[in-house]
Amino acid sequence: MSAPIASSQKLQKAQKIEIYSRFPRIPALHFAVYVGLGALLIASIGQVSPSPERLWDGIPRIFNLMDRMLPPETDPAFLVRMGWRLLETLQIAIAGTVFGVILSLPIAWLSARRISPLPFGSFLFKGLVSLFRTIPDLVWALIFVVTVGLGAVAGTMTIVVDTIGFCGRFFAEAMEDSDQEPQVALDAIGASKFSILMSVVLPDAMPSLINTTLFALEKAIRSSVVLGLVGAGGIGQELKSAFDLFQYHKASAIILSIFVIVLIMEWITDRLREKVK
Amino acid sequence: MTSPDPVLSDNTPSKSISSELMSDVPLSDNSKVMAPILRVQNLKKSYDKENVILNGISLHIREGETVALIGSNGAGKSTLLKCLVGLHENTDGDVEVLGTRFKRTATRQQRHNIRKQIGFVFQNHGLVKRLSAHTNVVHGFLGQKGSWRAFNQAFAPQDWREKAMHALEAVKLSDKAKDRADSLSGGQAQRVAIARALVREPRLLIADEPAASLDPASGHTVMQQFVDLARENNITLIFTSHDMEHAVSYSDRVIALKSGKIHFDKPSGEVSKADLHGVFDQ
Ligand SMILES: Nc1ncnc2c1ncn2[C@@H]1O[C@H](COP(=O)(O)OP(=O)(O)OP(=O)(O)O)[C@@H](O)[C@H]1O
Ligand SMILES: [Mg+2]
């Protein structure tokens, strides 16, 4: 019984160890940067977040708006028209995602380090994908409304570009993360970059590619709803005109249906995701 | 560092096979008659300025030989194998493989000429985990002309699919054809990798520690199948191993690397325990 205690005491005595401090020491410059960032955060909160008075004043207005929204519009003719608009929204989202994913695959291949057949050119495609991603979807929608006109085509093109920005990046990362050993093994017997893509990279990265695609689809459905606000087709257009014309019963019906459709799509993509392994 | 103790049992399994083979492959120096499958002259290789990994290697390997390459960790075995097929840029020297001769770097065309005639087996099989054993074997056809369809058995020409099945049969795994590679044991996966190398009908087969991650029993199975298949198909085989029993019993000839040079190069039957100890001495 006493033996372990004795030996542990011995252990403590025998090892006189200098122990480092609990927290890493922060250089003065870093400290200054942290203080600066903190100050910036506090200042921004002060400037743009709502003051308590404004929130207080807003509460009755919320109730007032809800009062005017309820009950949602149930006129069958209106609902049928909204049904078609919702369908158009889904079409924009799905068609845009499909084309976006199809275009993302070669772009991701060309931009993936080590896997790209271009020795130096990969950064060019990485840059293109970054450009697509950093410009927000509503800005793309405005650009396409101006160039191809109002309507669903502008919306679809926006989703395509947005999907390339998203999938182009994550596809490339999935490809770069794919198993190296089989790639070396096939390179050693003279397989081309394209053959290695087809036989190793794509099969190995497939679960990740499918997951990313499903996320892209969810994202596309959410953004296709708002694209209508700038005239790029879909249910968003109806929502905007309902608000513009103070038809709040209609607006609430539209919001409810958007909510339901987004939930259904997320449920479907979740099920699909479970299937991939 | 403890130097590994070479295990050398006297009743090594395939002594008889190797001596049998040595009778019809002359080891005396009349090799000019037969075209060398591999000829290396004064090969030097260093990755950086300080460390010279290979410092003047010369060898001559004839068609149909089975050669074991041994040496301590970092001796440069893997480096040598890669230099032979132009996977690395050589620092100096002259390499001739399967009729293609290059000095420091092989041109794209030369690399292609070499690689399409060889098979390469790596220590960790290098199979695509999410694909079936059969598809992985079909991948062996890649690198040959018009081979892009070999990315999956479903799209490959029928005779490639058949040949791949035969190769799986040869390593006794045809019942696992449809199983995913990640469901196979280490030994089975390594045998699939061997099938993938054999299906190409290579003239030269290079294997870097093909049995290193396997338990002793599967290690012997894999090595035995490997050398038997290579001999049946008259394939020249070069393999590296840290298992001295494998190196001596499954080869016709042992080449030992030490300090960037060839320490010895002998018929397997003449390799003594002292020779092997000498390889790993500091
Ligand atoms: N790509 C590389 N870049 C730089 N140095 C390398 C590279 N590959 C190998 N080396 C170095 O070259 C030396 C020989 O390595 P090599 O892998 O050829 O040895 P090996 O005989 O195969 O050893 P092991 O028995 O451990 O496999 C090592 O010192 C290693 O650090
Ligand atoms: Mg090695």
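Remember, predicted model here, so these are calculated numbers, not experimental data.

1. Some words on the sheet that holds strand S8 (residues 236-240) of chain B
Residue and element names in this part refer to chain B.
Link 1 in the chain: Taken in spatial order, the six strands of this open sheet run S6-S7-S8-S3-S9-S10, and their pairing is mixed. On the outer flanks of this sheet lie strand S6 (118-121) and strand S10 (261-267), each paired with one strand and no other. Ignoring which end each strand starts from, the neighbouring axes of this sheet average 15° apart.
Link 2 in the chain: Inspection of the sheet shows strand S7 (residues 204-208) paired to S8 by five bridges, in the parallel sense. Its bridge partner lying in S8, Leu204 is registered against Thr236.
Link 3 in the chain: Most of the contacts of helix H6 (residues 186-198) go to S6, to which it runs at about 170°, and overall it touches S6 and S7.

2. Looking at the sheet that holds strand S4 (residues 92-97) of chain B
Residues and elements named next belong to chain B.
Link 1 in the chain: The four strands are arranged S2-S1-S4-S5 in an open sheet whose pairing can be described as antiparallel. Lying at the two open borders of the sheet, with one neighbouring strand each, are strand S2 (54-62) and strand S5 (100-102). If you compare each strand with its neighbour and ignore which way they point, the axes differ by 10° on average.
Link 2 in the chain: Sheet topology places strand S1 (residues 36-45) next to S4; five bridges connect them, and they run antiparallel. Residue pairing for S4: Arg39 is matched across the bridge by Glu96.
Link 3 in the chain: Sheet strands touched by helix H2 (residues 77-84): S1, S2, S4 and S5. Its angle to S1, the strand with the most contacts, is close to 120°.
Link 4 in the chain: Along the sheet face, helix H3 (residues 108-115) touches S4 and S5 and points at about 135° away from the line of S5.

3. Quick look at the domain arrangement of chain B
Residues and elements named next belong to chain B.
Link 1 in the chain: One can read the domain layout of chain B as domain 1 (1-117 + 202-282) and domain 2 (132-200).
Link 2 in the chain: On the domain 2 side, the residues contacting the 13 residues of domain 1 number 13 residues.
Link 3 in the chain: Across the domain 1 to domain 2 interface the summed buried area is about 1100 Å²; carbon plus sulfur atoms make up 66%.
Link 4 in the chain: Ranking the residues of domain 1 by area buried against domain 2 places Pro202, Gln225 and Leu229 at the top, with a combined share of 39%.

4. Description of the site of ligand 1
Residue and element names in this part refer to chain B.
Link 1 in the chain: As a structural note, the neighbourhood of ligand 1 is formed by Tyr47, Ile53, Ser72, Asn73, Gly74, Ala75, Gly76, Lys77, Ser78, Thr79, Glu209 and His242.
Link 2 in the chain: Within the side chain of His242, an N or O atom sits 2.7 Å from an oxygen atom of ligand 1.
Link 3 in the chain: Expressed as a share of its isolated accessible area of 630 Å², the protein-covered part of ligand 1 is 58%.
Link 4 in the chain: Class assignment for the residues of the shell around ligand 1 results in three nonpolar, seven polar and two charged.

Rules and cut-offs
- Residues numbered from 1 in each chain as written.
- Chains lettered and ligands numbered in written order.
- Predicted model: local features only at pLDDT ≥ 70, side-chain atom pairs only at ≥ 80, totals over all residues.
- Heavy atoms only, no water.
- Pairing = 2+ DSSP bridges.
- Helix = DSSP H or I, 4+ residues; strand = E, 2+ residues; numbered from the N terminus.
- Axes fitted to C-alpha atoms, helices over the stretch in contact; angles between N-to-C directions.
- Contact = heavy atoms within 4.5 Å.
- Domains from an automatic or database assignment.
- Buried area = accessible area lost by both parts, 1.4 Å probe.
- Near = heavy atom within 4 Å.
- Polar contact = N/O pair within 3.5 Å; in protein donor to acceptor, adjacent residues only side chain to side chain.
- Areas by Shrake-Rupley, 256 points an atom, 1.4 Å probe, with all protein chains shown as cover.
- Nonpolar A, V, L, I, M, F, W, Y, C, P; charged D, E, K, R; others polar.

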